[in-house]
Every structure is written in structure tokens, then in C-alpha cells.
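For reference, the chains in residue letters:
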Protein chains: 2
Amino acid sequence: MRIILDAMGTDHAPRSEVAGAIEALKELDSDVEIVLVGDQETIEAELAGHDQIPERLSVHHAPDRVTPEESPSKVIRRNPESSLVVGLELHRDGAGQAFVSAGSTGAIMATSLFTLRPLPGVDRPSVATILPSAGPPVLLLDAGANVDCKPHHLVQFAHLGNIYAQVMMGRSDPRIALLNIGEEPGKGDELTIETYQLLCTEAGLNFVGNVEGRDIIKDVCDVVVCDGFVGNAILKFYESVAQFIVGLVEAEQKGKASEGLDLDRVFRVLDYAETGGAPLLGVGGVPVICHGESTPKAIRNALKMAVRAVRSDMVKHSAQEVALALGHTSREAS
Amino acid sequence: MRIILDAMGTDHAPRSEVAGAIEALKELDSDVEIVLVGDQETIEAELAGHDQIPERLSVHHAPDRVTPEESPSKVIRRNPESSLVVGLELHRDGAGQAFVSAGSTGAIMATSLFTLRPLPGVDRPSVATILPSAGPPVLLLDAGANVDCKPHHLVQFAHLGNIYAQVMMGRSDPRIALLNIGEEPGKGDELTIETYQLLCTEAGLNFVGNVEGRDIIKDVCDVVVCDGFVGNAILKFYESVAQFIVGLVEAEQKGKASEGLDLDRVFRVLDYAETGGAPLLGVGGVPVICHGESTPKAIRNALKMAVRAVRSDMVKHSAQEVALALGHTSREAS
């Protein structure tokens, strides 16, 4: 198996990517190879700083790099030689079975749509994120790839999340919830009121109803569906609240005797780097999107997630179940 | 000064209300009186459990109670004898200078609109909530009263928040930010892209641009403006994340020697009860909305907030500045 890694995505690229790939290869099975895509000279200079470079790590040259300012939809035309576009094309052409990048979510989404194509029945692929929770982690989608969603988009997200929770998170009959501002049917904005109705009658989903913000991480559901605007706000807010509280506790702990109190163990639960990446669901491939500030640990874990997704044949499962649930043509096309 | 307190709003009414009112009167100046509105017999039975009942506490009978299932817009017609409607009418008629209730946000909003009327220039009053932050607390609005907002509603929220932050939070030139999924202009959904443009040219506001979810509590702004759907999700999510992390730390601490580590002090920062209530801004009065699960402490602090709002002449300031900023007629009417 070969994983394509965009080496130029993080804020300090290619440092995190190179170190993360080397770490990952130490832990992954020996049949896994990683291809670093990006400016060959820059990557080789970074590799030179490492003692042992695994044989299973190779470099594929791509001279250009997508800047955060670039309009996502124009990346494929304007930056055809970028690590992002070249990497996704390598994945599409079978040179690798998954693609990992810390580039901009919008650019990865738009370029994946063009190169990997959406699965039949999917109008909008969706970024899914895994949130630490009082119970097992919760899958939240969409986490920022799609705004101004229509009700049928949210239904598609529900199916994509349903499949991911089964195949990748080991949930046998995932509880699907709709993020809303009240629990009762009829609560919400135009989008959620209509989506609720659709989800109630949608076959193949274990829809458990509305959840409010306070219930997302209370182990009342496995998958939370929402528009990408609110999902993105929630995801980013979670990170900052966790950091804020950790900071408060650490400040209080400073200089105090607190024997045996292992807060690192607590805070590890909250560390996004433990998950590493957010899968883009609903396309004919396995793109995994990482945080722009990803550490080597985050890159390593994203690579491991990509390997698991390939091994579990996630795309095949998704295609089959989405086709069954949503029909072979998208609702917009039909 | 007299504050009207809906005695039947919390989940365990009138227990929290009665205890909270008694606590508040111990701390408030001797010119403050509190009127408990609700079923006289029930309230008096609750009062009988307290040793010392302050003279400045009185009861106004209202036999009915609004249930959470009631449609907010129908409360005023269907529940005219409810503590919520009677209380707001007492406030409107000058029997009290503010109104505090832990009833449903929607019902308080709808009934306030009808009884207290929106200030000239305001199309939609807004619930503002105060979030603990790495810096001074941040005002977030709308926090759930308004969904499916239009850009000009968000501009009105910005003005209402601007005034509140000055008068009640002591900020001299409040930094107003728009909650968005990216910092750059042009990012966002239809609502935020258009709102950004309006806020950039709006006079009288210190608009500092977009903030992402991760920046809300990082002391980069004093006021965060958003649609009530996302604001409500953020607010409720914050509560649950704080509880979740507090639980993780407490579980780790259990049975361990951690001398001098005063986590209570840390967690107090995160306790919604410290603020107690969320003001409804933009109406001709001072309604303060409390959590349905409010403890006596939360009720006490909401009453104190109401007193401060009355003393600071918040409504007069709001009316003047809103009239100046938004004109004497609302944009929808004009």
C-alpha cells in the first residue's frame, strides 16, 4: 500500500510532514510506503536533518505550492504543478491508495471533487471530524467544507457519517443526530426543521432526533449532522475551549504539590493531534485533511488513519451503501 | 427599585427562584425590592421553608405557568394568566424596572416583543450571552432568539452589543467581530459574506473583522455577532465542554494527593451561574433570561445583573444610540 502525503501543507512545511512520515513508517506495517509530494530540493534538505530515512519513503517532485489566499475552485487551474493537485492526481491514478494533506480544506475539497469525483448519489462530499467525548468519540459532519447547505445535503452527510462510523469506528448501528437549538421536533431554523422531517423517514438510518450543543459530547449519539458553518465553528471552538481550560488548570497547578496527578493523561484525550486528520467523505478516494498547524504526531496519526481507511475498504463500502441509500444519481441531477 | 422575578421558570420552580431572591436581597442595596410572580400558594409554601423572609420580598399571584411545549408566539394569547406574561406586564406597567425569568427563551422573546415592544430601529431583539474567556468576558449575540437572520439583523445585533459592552461591561470602544469560518474577507456563507460588507462601512462601530470559532475566547474582540442558531450551539456546547473537562480532571484527581490545588477556583471561571442570566437587548425594558436549570446562585446573580442594568440606564442609552445608528424606523418597515 502506498500513501501520498502532501509535504507542503502545514504552516511549517515540510518539517512536520517529513518528521510525521518517518515516525509513521516506524509504526506501520512493512507493506506501507509513503510518497512525499512537493519541491524535491526543499524536502531533501529537510530529510538531510534526519538520521535514518526509511527506504519506504520516497519523494515525488511538485514545484508549486497552494497558498491559503488561493480561491479553492481555481487551484486546479492555477496551480496544476502544486503538491496538492499533483498529489491528488497521483492518488486518482492509483500511484497511492490515499492522500493526506494539511492544505486548506476548501482547496482539498474542490480539487478532490474534480480529480476523484463524488460518489454516485453524493452532491457534496463532506469533511468529517472526530470529537473527544464523554463516551466514545463522536463524528461531526460537515465540519467546514459546505456552507449554505440544503436539507438533502444533510441527509447525504448522515449516510456518509453512518457508513464511516460503522466501517472506521466500529459502531454497529450508529445513532445519527441532527444538531439543533432544541430537542423537540419543529425546533430549529428552516434548514433543520426540514432536514428533521427528511431524516425521520429516511431508510437505513438510526435517526435519534435533534441534539443541542450541550449534548454533542454526552454519548447520546455517534454521528452529528450539521451545516458546515456551524460544524466548523463548533470544531474550532472546541479546540480553543480545551486549550483555555487546560491553561487555567495548569496555571493553578503551577508550583503546587500535586503528586501523582497526571494531567497530561487527561489532556491527551482532548488533543486533536491524537486523531490527526479529518476524512473527506463521499468521493472516489481517501483524502484526509490535517490541521494547518499539524505537529509531526498529528501527521503520523493522519497517515495511520489513511492506512486504516484503505485496509477497511472504506470507499467501496461507502459507494455501495450510498448507492443503495441515495440512488445512483444525485438528487440534484435527477 | 423593584425587580419582577418569574417564580415559575426553572425546572424546579419555585425553589431556585425563592432561594435566589432571598440570597440576592441580602447582598443588594436596601432600596431594591423583589416581586415573585407565580402561584401564590406554591410560592408561600416554598417561602415557609425559609427562616428569615426579607420584607423587601413580595408575591404577586399568577395562577398559570408556561410549559416548554407551548409555542412561543402563542403564549401571550393562551397563557395570559401565566407568571411569564403577568410578570412582563407588571414590568411594562412600571410595577418593576426589570424582569428576570428562567422560562423558555422563545416565550420570553415573543412576549417581550409584544409587551415591551422593540426599540425604534430594531427589527429583532437579541439575547446576549457572556462567555468566560482568556481575557475579560466576551459578549456573544444572538445566542438563540433569532434564527434565519438577514445581514441587517446582524448589524443591529452589533449595535446592541456595542452599547451593552460599553454600558454594562465597561469597554470604552468595544471590538466588534463577526463569527465566521475564516478570517479573510469573502470567507463564509451567504449571510456572513454580506454582513461583513455591511459592517465594514457601518458608522459608530469598531468592527475588527471576522473571527473563527477558535478565536472567540482569545481576547481578540469584546463582542461576537452571529446568527442565533450558531450562537446557541456555541453557548450550549461551551457549557458541556467545560463540564466534560472538569469531569476528566476531577476523575484524575480523585484519591490523589494534590495539596493546595484549588480546582474549584478554576472551575468558577467557567460556571454559568456566576453570570446568572442573559439580557434580551433591543426592547423597551430589561428582561433577563436564565437557564432552565438555574441554581439559587444563578438566580441571585441574574437579579444582580438586572439591578445593574437598571442603575446604568441601559435602556435609555440603548434607545438613544440605536436611534442614532439605525434610524427611528426599522429597516424592514422602511
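A quick note: this is a predicted structure, and the numbers were derived from the prediction, not measured.

Draft legend 1. Structural context of the overall build of chain A. What chain A contains, in helices and strands, is 11 helices and 11 strands. Rg of the C-alpha trace for chain A: 20 Å, near the compact-globule value of 20 Å for 334 residues, within the 12% margin. Across its three principal axes, chain A shows a C-alpha extent of roughly 60 × 60 × 35 Å. Across the 334 residues in chain A, those meeting the buried criterion constitute 59%. The long-range fraction of contacts in chain A, counting pairs at least 24 apart against all pairs at least 6 apart in sequence, stands at 71%.

Draft legend 2. Molecular detail of the relation of the copies chain A and chain B. Once chain A has been moved 0.0 Å along the axis and rotated by 180 degrees, it coincides with chain B to within an RMSD of 0.0 Å. The superposition operator between the copies reduces to a two-fold rotation axis.

Draft legend 3. Main features of the sheet that holds strand S7 (residues 175–179) of chain B. Residue and element names in this part refer to chain B. Spatial ordering of the open sheet is given by S3-S2-S1-S4-S11-S10-S5-S6-S9-S7-S8, a layout of 11 strands whose pairing is mixed. Strands at the two margins of the open sheet, each flanked by one partner only, are strand S3 (57–61) and strand S8 (206–211). Across this sheet, the average inter-strand angle for adjacent strands is 30 degrees, counted without regard to direction. In the sheet, strand S1 (residues 2–6) pairs with strand S4 (residues 98–101) via 3 bridges, with the strands oriented parallel. Bridged to Ile3 within S4 is Ala98.

Draft legend 4. Molecular detail of the domain arrangement of chain A. All names here are of chain A. Assigned domains of chain A: these are domain 1 (1–123 + 282–312) and domain 2 (126–271). Taking only C-alpha atoms, the centre of domain 1 and the centre of domain 2 are 26 Å apart. Facing the 13 residues of domain 1 at the interface are 13 residues of domain 2. Of the roughly 1000 Å² buried between domain 1 and domain 2, counting both surfaces, carbon and sulfur atoms make up 60%.

Draft legend 5. How the structure looks around the packing of helix H6 (residues 151–167) of chain A against helix H11 (residues 314–326) of chain A. Residues and elements named next belong to chain A. Across the interface, H6 lies against H11 with an axial gap of 10 Å and an inter-helix angle of 140 degrees. By the criterion of interaxial angle, the relationship of H6 to H11 is oblique. Note that H6 runs across H11; the crossing there is right-handed. Along the contact surface, H6 presents Gln156, His159, Leu160, Ile163, Tyr164, Gln166 and Val167, while H11 presents Met314, His317, Ser318, Glu321, Val322, Ala325 and Leu326. Taken together, the residues of the contact of H6 with H11 sort by class into 8 nonpolar, 5 polar and 1 charged.

Draft legend 6. Broad picture of the pattern of salt bridges. Residues and elements named next belong to chain B. In total, this model carries 30 salt bridges over all chains according to the counting rule given. Among the ionic pairs, Arg15 bridges to Glu46, the shortest N-O distance being 3.4 Å. Taken together, the residues Arg15 in helix H1 (residues 15–27) and Glu46 in helix H2 (residues 40–47) connect sequence positions 31 residues apart. Using a relative accessible area of 54% as the deciding quantity, one classes Arg15 as exposed. A residue is classified by how much of its surface remains accessible, and Glu46, at 16% relative accessible area, is buried. The partner of Asp222 in a salt bridge is Arg175, and the shortest N-O contact between them spans 3.1 Å. Note that Asp222 is positioned in the loop between S8 and strand S9 (223–225) and Arg175 in strand S7, a separation of 47 residues in sequence. Asp222 gets classed as buried once you look at its relative accessible area, which sits at 6%.

Draft legend 7. Region of interest: the sheet that holds strand S7 (residues 175–179) of chain A. Residue and element names in this part refer to chain A. Taking strand neighbours across the sheet as the criterion, the 11 strands line up as S3-S2-S1-S4-S11-S10-S5-S6-S9-S7-S8 in an open arrangement whose pairing is mixed. Each edge of the open sheet carries a strand with a single partner, namely strand S3 (57–61) and strand S8 (206–211). Direction aside, the axes of adjacent strands within the sheet are offset by 30 degrees on average. Pairing analysis gives 5 bridges linking strand S2 (residues 33–38) to S3, with the strands arranged parallel. The residue bridging Val35 from the neighbouring strand is Ser58, located in S3.

Draft legend 8. The arrangement of the pairing of S4(B) in detail. All names here are of chain B. Burial along S4 is two-sided: Ala98 and Val100 facing one way and Phe99 and Ser101 facing the other are all buried. Inspection of the sheet shows S4 paired to strand S11 (residues 287–289) by 3 bridges, in the parallel sense. Looking across to S11, one finds that Val100 is bridged to Val288.

Draft legend 9. A look at the side chain of Ser82(A). All names here are of chain A. Tracing the chain through its elements places Ser82 in the loop between helix H3 (75–78) and helix H4 (83–92). Of the polar contacts made by the side chain of Ser82, one reaches the backbone oxygen of Asn79; its length is 2.7 Å. A polar contact is formed between the side chain of Ser82 and the backbone nitrogen of Val85, at a distance of 3.2 Å. Not counting the four nearest positions on each side in its chain, Ser82 is found in contact with Ala62, Asp64, Arg65, Val66 and Gly87.

Draft legend 10. Up close: the interface of chain A and chain B. Facing 53 residues of chain A, the contacting portion of chain B comprises 53 residues. Taking both sides of the interface into account, the surface hidden between chain A and chain B amounts to around 4700 Å²; carbon and sulfur atoms contribute 72%. Connecting chain A to chain B are 2 salt bridges. Glu212(A) is the partner of Lys236(B) in a salt bridge, and the nearest nitrogen-oxygen pair spans 2.2 Å. Where chain A packs against chain B, one counts 6 residue pairs in polar contact (both at pLDDT 80 or more). Of all the elements in the fold, those that place two or more residues in the side of chain A that touches chain B are helix H7 (190–201), helix H8 (228–253) and helix H9 (263–269) of chain A.

Criteria and cut-off values
Sequence order as written defines residue numbering, which begins from 1 separately in each chain. Each chain is given a letter, starting from A, and each ligand a number, starting from 1, according to the order in which they appear as written. Given that the model is predicted, a residue must reach a pLDDT of at least 70 before its local features are reported, and side-chain atom pairs must reach 80 or more before they are shown or counted; all residues, however, enter totals for whole chains, interfaces and linings. The side-chain numbers reported here are obtained from all heavy atoms of the structure, hydrogens and water having been left aside. Only DSSP runs of H or I reaching four residues or more are called helices, and only runs of E reaching two or more are called strands; each is numbered from the N terminus. Just to be clear, the radius of gyration here is over C-alpha atoms, and the globule rule we use is 2.2 Å times residues to the power 0.38. Residue exposure (1.4 Å probe, protein chains only): buried if accessible area is under 20% of the type maximum, exposed if over 50%, otherwise partly exposed. Any two residues whose heavy atoms approach within 4.5 Å are treated as being in contact. The copies are overlaid by a least-squares fit using only the C-alpha atoms of residues whose pLDDT is at least 70 in both copies. Any two strands are treated as partners once DSSP identifies two or more bridges connecting them. Working convention: axes come from line fits to C-alpha atoms, limited for helices to the stretch in contact. Angles between N-to-C directions cover 0 to 180 degrees. An automatic or database domain assignment is the source of the domain bounds shown. Once two parts are joined, some of their accessible surface, as seen by a 1.4 Å probe, is lost; buried area is that loss totalled over both. For classification purposes, an angle smaller than 35 degrees is called roughly parallel, one larger than 145 roughly antiparallel, one from 65 to 115 roughly perpendicular, and anything else oblique. Helix crossings are classified by the rotation of the near helix relative to the far one: an anticlockwise turn of less than a right angle makes the crossing left-handed, while a clockwise turn makes it right-handed. Gly is placed with the polar residues, together with every amino acid not listed as nonpolar (Ala, Val, Leu, Ile, Met, Phe, Trp, Tyr, Cys and Pro) or charged (Asp, Glu, Lys and Arg). Here, a salt bridge means any side-chain nitrogen of Lys or Arg that lies within 4 Å of a carboxyl oxygen of Asp or Glu. Between N or O atoms, a polar contact is any pair within 3.5 Å; within protein, one atom must be a potential hydrogen donor and the other a potential acceptor, and residues adjacent in sequence are included only when both atoms are from side chains.

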